[in-house]
Amino acid sequence: MDDAATPQTPEDRDIAWMEVALAEADAAHAKREVPIGCILVDAGGMEIARGHNLRETLLDATAHAEMVALRAAATKAPSWRLDGVTAYVTLEPCVMCAGAFVHARIARVVYGCDDPKGGALHSLYTVGQDTRLNHRFPITRGVLADACASRLRTFFAALRAQGKK
């Protein structure tokens with residue numbers, strides 16, 4: 001996102017960064033990966049890392065968009081603590097990714113659509129808000145939810161159609 005075009009309101013910034021995360025989801029889809037994208041943005045509004053699903057490409061069950069972005073941030077950040085960083089993710093993070101956000105001390109998570117089968121921030125669990133953990137973060141859900149869900153529906157419909165051939 002260009003600094004000159006930085007949106008003024010927090011809601012506008014969330015939408016703009018989610019659009020960048022959707023572009024990452026599209027990059028995953030182009031590789032025949034589940035279309036999920038993640039962008040990590042520092043407190044100053046600068047992107048520090050991005051990632052998209054690479055599980056099939058890397059043959060790695062942990063290569064979720066969030067984990068790819070966290071690993072990319074680890075090569076740039078001065079610490080494993082990502083204080084002040086907001087994660088923008090197109091799909092509600094799973095238990096692994098939500099746990100990694102806790103361990104990385106992510107400041108905030110913004111996500112697109114809920115994941116009723118595996119979501120760990122709202123749908124099945126509330127990892128980011130669990131008072132038993134040593135770190136919690138605010139969560140904003142539903143940013144561009146329809147666009148995020150549409151990409152997933154389209155991807156999985158195409159997979160089902162291929163399976164019927």
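Residues numbered from 1 in each chain as written. Predicted model: local features only at pLDDT ≥ 70, side-chain atom pairs only at ≥ 80, totals over all residues. Heavy atoms only, no water.

In the annotation of an unreviewed UniProt entry, the entry for the protein reads tRNA-specific adenosine deaminase, and the organism field reads Pendulispora albinea. Here the protein is described in UniProt, under the heading Catalytic activity (unreviewed entry), as follows: "adenosine(34) in tRNA + H2O + H(+) = inosine(34) in tRNA + NH4(+)". Taken from UniProt, the Subunit (unreviewed entry) comment for the protein reads in full: "Homodimer." (UniProt positions renumbered as here; feature names shortened; annotations may be inferred.)

Caption draft 1: Quick peek at unusual backbone geometry. Positive phi, normally seen in glycine, also occurs at Arg-32, with a value near 65°. Using a relative accessible area of 67% as the deciding quantity, one classes Arg-32 as exposed. Although it is not a glycine, Leu-59 sits at a positive phi angle of roughly 55°. Within the fold, Leu-59 resides in the loop between helix 2 (55–58) and helix 3 (65–74). (Buried < 20%, exposed > 50% of the residue type's maximum accessible area, 1.4 Å probe, protein only. Helix = DSSP H or I, 4+ residues; strand = E, 2+ residues; numbered from the N terminus.)

Caption draft 2: Local environment of the pattern of salt bridges. Following the criterion strictly, the structure yields six salt bridges and no others. Asp-14 is the partner of Arg-108 in a salt bridge, and the nearest nitrogen-oxygen pair spans 2.6 Å. Note that Arg-108 is positioned in strand 4 (residues 108–113) and Asp-14 in helix 1 (residues 10–30), a separation of 94 residues in sequence. By relative accessible area, which is 6% here, Asp-14 ends up buried. (Salt bridge = Lys/Arg side-chain N within 4 Å of Asp/Glu carboxyl O.)

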